[in-house]
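A look at the structure
Here is what each chain is made of, one letter per residue.
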Amino acid sequence: MDIERYFEHIGIKKPTSTSFEALKEIHKSHLLTVPFENLDIINGEPLSMEPTFIMNKIIHNNRGGICFETNTLLANILNELGFNVQTVSAKFWNDEKQEWNPDFSHLALIVRIEGYLYLADVGVGGGFLEPILLEHNHEYSDSNGAYRVINITDTTYILQKLEELIWKDLLFISTECKQLHQFEEQFLYYQTSDETIFTKNKIVNRLTNDGRITLSDHQLKITKNHIVTITEFDSEEEWLKIYNDIFQPSKSCKNV
């Protein structure tokens, strides 16, 4: 794996330690550079969790991906650096169905540093900029929201998000290590099912230091310091120009 190219891409020097500060810098720089996006799914192109494939797509072709891709890439980078990192199963709360999504529907990472567990997740469209300490009642906030950790059992946690002054369940996390092949069924589901938004509309989302930028089929939404600016458009040509200007795709992506 071309680890030097990865750090060149996200704009920081390769860390020389496995400290929390190093993890925090990698996590944040990754999110500020690599978008969450589903363009290959919309274009009918199969995805892969194979490290070389992901590295080529995201780093060499200046693209993004969904959680199964981006978090797998980050896991491989952290492993190369010597971090104690493991792939875990997580699942989002489904407000419409009033239940948790299935196991393995979200791939996340747990990093152990000096006896503490941190949730690292660069595969959420509009998530948290820094890794979150998995400790009961620990709170974290940044420009995209406020979060709180609830410890359920020795191996399970719930991440809540503050919405209109109410803590609401967001993500259920198991800290038990999982293998990539265990995610394959859900990975395929999100690429092919008519029931998921990933197969219906283009989604390109990247975090910024003060908010996020989201591009969908006919709308550009820029959130800056909680102020939202929306630009509507109709044509594919307009979409492509905005995509090129903001997300800088590779030549091979100009027809997505």
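Please refer to the structure higher up on the page.
A brief report on the enclosed structure follows. (Residues numbered from 1 in each chain as written. Predicted model: local features only at pLDDT ≥ 70, side-chain atom pairs only at ≥ 80, totals over all residues. Heavy atoms only, no water.)

**Description of the state of the cysteines**
Applying the stated criterion across every chain, the model contains 0 disulfides. Its sulfur unpaired, Cys 67 is 16 Å from the next cysteine sulfur, which belongs to Cys 177. When its relative accessible area of 45% is taken as the criterion, Cys 177 is described as partly exposed. (Disulfide = S-S within 2.5 Å. Buried < 20%, exposed > 50% of the residue type's maximum accessible area, 1.4 Å probe, protein only.)

**Quick notes on the packing of helix α2 (residues 20–33) against helix α5 (residues 67–81)**
Contact geometry of α2 with α5 gives a least axis separation of 12 Å together with a crossing angle of 150°. Between α2 and α5, the angle falls in the class roughly antiparallel. In the packing of α2 onto α5, the handedness of the crossing is right-handed. Facing Leu 23, Ile 26, His 27 and His 30 of α2, the residues of α5 in contact are Thr 70, Leu 73, Leu 74, Leu 78 and Leu 81. Partitioned by chemical class, the residues of the contact of α2 with α5 number 6 nonpolar, 3 polar and no charged. (Axes fitted to C-alpha atoms, helices over the stretch in contact; angles between N-to-C directions. Helix = DSSP H or I, 4+ residues; strand = E, 2+ residues; numbered from the N terminus. Parallel < 35°, antiparallel > 145°, perpendicular 65-115°, else oblique. Left-handed = near helix turned anticlockwise from the far one by under 90°. Contact = heavy atoms within 4.5 Å. Nonpolar A, V, L, I, M, F, W, Y, C, P; charged D, E, K, R; others polar.)

**Side note on the packing of helix α1 (residues 3–10) against α5**
The axes of two packed helices give the description: the angle between them and the distance between them. Interhelical geometry of α1 versus α5 gives an angle of 120° and a closest axis separation of 11 Å. Judged on the interaxial angle alone, α5 and α1 are oblique. α1 and α5 meet at a crossing whose hand is left-handed. On the side of α1, the interface is formed by Ile 3, Tyr 6 and Phe 7, while α5 contributes Leu 73, Leu 74, Ile 77, Glu 80 and Leu 81. Grouping the constituent residues of the contact of α1 with α5 by class yields 7 nonpolar, no polar and 1 charged.

**Structural notes on the layout of surface pockets**
Of the pockets and cavities examined, the largest pocket occupies roughly 1400 Å³. Lining the largest pocket we find 42 residues, and of these Phe 92, Trp 93, Asn 101, Ile 197 and Phe 198 sit closest to its centre. At the level of secondary structure, the elements contributing two or more residues to the lining of the largest pocket comprise α5, β2 (84–94), β3 (99–100), β9 (156–163), β10 (166–177), α6 (184–192) and β12 (211–215). Split into classes, the residues belonging to the lining of the largest pocket amount to 17 nonpolar, 13 polar and 12 charged. (1 Å grid on protein atoms, 1.4 Å probe; cavity = no way out; pocket = protein on both sides within 12 Å on 5 of 7 lines; lining within 4 Å. Points joined across faces, edges and corners; volume = space filled by probe spheres on them.)

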